[in-house]
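Chain residues, written in single-letter form:
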Amino acid sequence: MNAIEITNLTKTYPGFALSNLNLVLPEGSILGLAGENGAGKSTTLKLIMNAIPRDSGTIQVLGTDNQIPAFNAVKEDIGIVLDEAYFPEVLTPQNVSSVMQHTYQRWDNAIYNSYLQRFALPEKKPFKDFSRGMKMKFAIAVALSHAPKLLILDEATSGLDPMVRDEILDIFNDFTRDPGHSVLLSSHIISDMEKICDYIGFIHHGKLLLCEEKDRLLEEYAIVKLSDQDFLSVPPEAVHGKKETTYGVEALVKRTQVSAAFPLEHTNLEDIILFLARKEEDV
Amino acid sequence: MKGLLLKDIYTLGKQMKLFLVLILVFAVMPGHSMSAFSIMYAAMLPMSTLAYDERAKWDTLASMMPYSTTDIVFSKYLLGYLAVGCATLFSFIVQITFSLLRQAPIESEGIISSLIVAVFATLLQAIDLPMQFKLGAERGRILFIIITVAMTMAIVTFSDTLTNQLFAILNQGSGLFLMVLLCIALTLVLNAASIFLSVKLYKSNFK
């Protein structure tokens, strides 16, 4: 089963359109949704949770159409972490526990308290006094304490220092050890995705430019650095983005589409995404 | 629903303590009109929670949690009803206790005036909340103040006519009873319409 299946999703705002988005998150895996600020990542997540109306398309979450009334019950199985905690800041973690007990049927206080201890979060301190890292850890503790099957994370690691980010990414990794658990992670920090994601989607100006297995992407693409003259012999269909430097041309190519005679270099996710975005801009 | 109510009660925190002190102080102060302050203050509590929610962007998170829109909206009304109910009930208890202590008959005038204020408080809440849901806490509050001032000025301007007509009704045998029934019916209808409108307006905020 797929945890999320999006088909031909469209949402239009004045000056922005998320157009014809098709996306699949297989159960048991982590999908990273990359894209610049304003690319449409948060809009996609809101549409997945049916928090805003769409123009067209269908979305199935954990096997249920997200527009039918039964989807409200499916929300019990979804843990949400947004870019901030989004609870009124005068609340304490203890208050939130009482609220969540009456919100999620499977709310588990023991698990919640174990996360509070693990993250060294004070139970009785209003979280307006928390640092950003503490607030994000607190939001993650809440999201993980009602036995979710799917985690939806919107910029959950942005603005955090590398130590905290690493700690949080480990938690998400642990979560998917259960084959029934899946994660959809939206971020513009590509290095985080490279660490933990199985699949990578890249949204640029509201269009999904790619959605593939991370390892396959890294195997599929390579970088060539050639002089202007040598670059002319590279088949144009193999080039998926290029930049001109003082030494010649640096380009992202598909390994299968170029001759083995070219000096191919390994690439990383960040380069793939930057080159693809550049190609889209050139078009 | 219980979760949402608890969230608001915890959010109000210090304000709830002040509210409890106020209903105690105003209830024991001499004069029927004093308890009106605590009842009116009670009707303002949902407004404060909406301001906290807005600042924390709570609605974005709530829309992704297993709450229905009706639950989110109705919980604000329910908070107001409970607070107004508590303040009114407390004012009754204090008035009855004082009468018993003084070994004097219980004054129905005081009980009725608290009841009328409670009805008026829920009416104000019914007018205010749809504006808050549509315009947000800050602009909604300004519009609420304008409407309250306009209503008060209208009442003051036409008070003589109103008082004469009121006495005319009250002097007719069952006039008082009918008027109370009419007020309650009007309040129920207006509150039901207000909840319906608020749900529509709240939904329209998510685009």
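Residues numbered from 1 in each chain as written. Chains lettered and ligands numbered in written order. Predicted model: local features only at pLDDT ≥ 70, side-chain atom pairs only at ≥ 80, totals over all residues. Heavy atoms only, no water.

Some details on the overall build of chain B
Here is step 1 of the chain: From N to C terminus, chain B includes 9 helices and 0 strands.
Here is step 2 of the chain: In chain B, the order of α-helices and β-strands from amino to carboxyl end is α-α-α-α-α-α-α-α-α.
Here is step 3 of the chain: Going through the 207 residues of chain B one by one, you find that 41% of them count as buried.
Here is step 4 of the chain: Here the contacts in chain B between residues at least 6 apart in sequence split such that 78% fall between residues at least 24 apart.
Here is step 5 of the chain: Split by element, the accessible area of chain B, about 11100 Å² in all, is 75% carbon and sulfur. (Helix = DSSP H or I, 4+ residues; strand = E, 2+ residues; numbered from the N terminus. Buried < 20%, exposed > 50% of the residue type's maximum accessible area, 1.4 Å probe, protein only. Contact = heavy atoms within 4.5 Å. Areas by Shrake-Rupley, 256 points an atom, 1.4 Å probe, with all protein chains shown as cover.)

Here we look at a positive patch on the surface
Here is step 1 of the chain: On the surface, Lys 128 of chain A together with Lys 14, Lys 17 and Arg 55 of chain B cluster together into a positively charged patch.
Here is step 2 of the chain: Within the fold, Lys 128 of chain A resides in the loop between helix 4 (109-118) and helix 5 (132-144). (Patch = residues over 30% accessible without salt bridge, like charges linked within 9 Å, V, L, I, M, F, W, Y side chains within 5 Å. Salt bridge = Lys/Arg side-chain N within 4 Å of Asp/Glu carboxyl O. Lys, Arg positive; Asp, Glu negative; His and termini not counted. Charge placed at Lys NZ, Arg CZ, Asp CG, Glu CD.)

Things to note about the packing of helix 1 (residues 2-12) of chain B against helix 5 (residues 69-101) of chain B
All names here are of chain B.
Here is step 1 of the chain: At a minimum axis separation of 9 Å, helix 1 and helix 5 run at an interaxial angle of 55°. Here helix 1 is positioned oblique relative to helix 5, judged by the angle of their axes. Where helix 1 crosses over helix 5, the two elements pack in a sense that is right-handed. Judged by residue contacts, Leu 4, Leu 5, Lys 7, Asp 8, Ile 9 and Leu 12 of helix 1 engage Asp 71, Ile 72, Ser 75, Lys 76, Leu 78, Leu 79 and Leu 82 from helix 5.
Here is step 2 of the chain: Counted by class, the contact of helix 1 with helix 5 contains 8 nonpolar, 1 polar and 4 charged residues. (Axes fitted to C-alpha atoms, helices over the stretch in contact; angles between N-to-C directions. Parallel < 35°, antiparallel > 145°, perpendicular 65-115°, else oblique. Left-handed = near helix turned anticlockwise from the far one by under 90°. Nonpolar A, V, L, I, M, F, W, Y, C, P; charged D, E, K, R; others polar.)

Focus on unusual backbone geometry
Here is step 1 of the chain: The backbone phi angle of Glu 155 of chain A is positive, close to 55°, even though this residue is not glycine.
Here is step 2 of the chain: Within the secondary structure, Glu 155 of chain A is located in the loop between strand 7 (150-154) and helix 6 (162-175).
Here is step 3 of the chain: Positive phi outside glycine occurs at Lys 57 of chain B, with the angle close to 60°.
Here is step 4 of the chain: By secondary structure assignment, the location of Lys 57 of chain B is in the loop between helix 3 (34-56) and helix 4 (58-62).

Regarding the domain arrangement of chain A
Interface extent is often summarised as the accessible area lost during association of the parts.
All names here are of chain A.
Here is step 1 of the chain: For chain A, the assigned domains are domain 1 (2-205) and domain 2 (219-282).
Here is step 2 of the chain: If you average the C-alpha positions of domain 1 and of domain 2, the two centres end up 34 Å apart.
Here is step 3 of the chain: Listed by partner, the interface residues are 8 residues for domain 1 and 8 residues for domain 2.
Here is step 4 of the chain: Summing both partners gives a buried area of about 710 Å² for domain 1 against domain 2, and 78% of it is carried by carbon and sulfur.
Here is step 5 of the chain: If you sort the residues of domain 1 by the area they bury against domain 2, Ile 190, Phe 202 and His 204 come out on top, with a joint share of 63%.
Here is step 6 of the chain: Linking domain 1 to domain 2 there are 0 residue pairs in polar contact (both at pLDDT 80 or more).
Here is step 7 of the chain: Taken together, the elements giving at least two residues each to the side of domain 1 that touches domain 2 come down to helix 7 (190-196) and strand 9 (199-204).
Here is step 8 of the chain: Grouping the constituent residues of the side of domain 1 that touches domain 2 by class yields 5 nonpolar, 2 polar and 1 charged. (Domains from an automatic or database assignment. Buried area = accessible area lost by both parts, 1.4 Å probe. Polar contact = N/O pair within 3.5 Å; in protein donor to acceptor, adjacent residues only side chain to side chain.)

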